[in-house]
Amino acid sequence: DLEDVPIVISGLSKRYASGFTAVDGISLRVERGQVLGLLGPNGAGKTTTLRMLMGLIRPTAGQVRVFGHLVRPGAPVLSRIGAFVEGSGFLPHLSGMENLRLYWAATGRGRESAHFEEALEIAGLGAAVHRKVSTYSQGMRQRLAIAQAMLGLPDLLVLDEPANGLDPPQIHQMREVLRRYASGGRTVVVSSHLLAEVEQTCTHLVVMHRGRVMATGEVRDIVAGGHGYTFHVDQPERAAEV
Ligand code: ATP
């Protein structure tokens, strides 16, 4: 029953008005509880894929289904997706908590419970939620942006390059945050251009290059070359070697 499957992507393509094909016929399926890493170098088509998944842009061909529902701009199923977008603009003179409350009010979903405490606890911000955002480190801002994406505890959390600008200890903490979020049967999709950033975080990987899927599977199989060849995940153009 597709209603139980967080993401089914079939034959998805995006050709921009410039004539450039950023995503070229990809298909994949993501199950509940997975932390899926979308991995590939800059320009591989990760952001374009995530934007189609979040209903921000329309595919040229193919489709995305989230819990069985077709994704398109304005589709009701989009309320089940929490999105982290790089550089979320927080108001520096307000506290983290105040920023989240303002954001939630702006979504117009006021009557639904936002689960502020739970989102903040999972994101691990602690007492810092009551401090002004201007005092936050880069890592704390990322955590706040992740907490913002978690408001309402969406079934599906989508994060575009959440490890950008984080140092290794902060990346390690993010791993705990995302794994914990998915452990309750929720699903997380995270993009990165560096294997090292996501190999500890993800349960599964999709490796993209030039708009196509080069490999997909459990992280350990892809890293170990379980497909019968040595896979250079950070250099997908060498995938066909060996
Ligand atoms: P990055 O990490 O750089 O964001 P990415 O894997 O997320 O890489 P995309 O952002 O999806 O890749 O971009 C894929 C390709 O599509 C890039 O070559 C980019 O220049 C191109 N592209 C993105 N947006 C547009 C647009 N609006 N019009 C034309 N080309 C675009």
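Read on for a plain summary of the structure. A quick note: this is a predicted structure, and the numbers were derived from the prediction, not measured.

Let's talk about the sheet that holds strand β10 (residues 212–218)
And step 1. With mixed pairing, six strands are arranged side by side in an open sheet as β6-β7-β8-β3-β9-β10. The open sheet has two edge strands, β6 (81–84) and β10, and neither has a second partner. Strand after strand, the sheet turns through a mean of 15 degrees between neighbouring axes, direction not considered.
And step 2. As paired elements, β6 and strand β7 (residues 156–159) share four bridges and run parallel to each other. Its bridge partner being in β7, isoleucine 81 is matched across the sheet by leucine 156.

Describing the site of the ligand
And step 1. Near the ligand there are 13 residues, and of these Gly43, Gly45, Lys46, Thr47 and Thr48 occur at the shortest range.
And step 2. With respect to the ligand, the backbone of glycine 45 contributes an N or O atom lying 2.8 Å from an oxygen atom.
And step 3. Measuring from an oxygen atom of the ligand, one finds a backbone N or O atom of lysine 46 at 2.8 Å.
And step 4. For the ligand, the accessible surface in isolation is 630 Å², of which the surrounding protein chains cover 61%.
And step 5. Per element, the largest residue contribution to the shell around the ligand is three residues, and it comes from helix α1 (residues 46–53).
And step 6. Classifying every residue of the shell around the ligand gives five nonpolar, six polar and two charged.

The rules behind these values
Residues numbered from 1 in each chain as written. Predicted model: local features only at pLDDT ≥ 70, side-chain atom pairs only at ≥ 80, totals over all residues. Heavy atoms only, no water. Pairing = 2+ DSSP bridges. Helix = DSSP H or I, 4+ residues; strand = E, 2+ residues; numbered from the N terminus. Axes fitted to C-alpha atoms, helices over the stretch in contact; angles between N-to-C directions. Near = heavy atom within 4 Å. Polar contact = N/O pair within 3.5 Å; in protein donor to acceptor, adjacent residues only side chain to side chain. Areas by Shrake-Rupley, 256 points an atom, 1.4 Å probe, with all protein chains shown as cover. Nonpolar A, V, L, I, M, F, W, Y, C, P; charged D, E, K, R; others polar.

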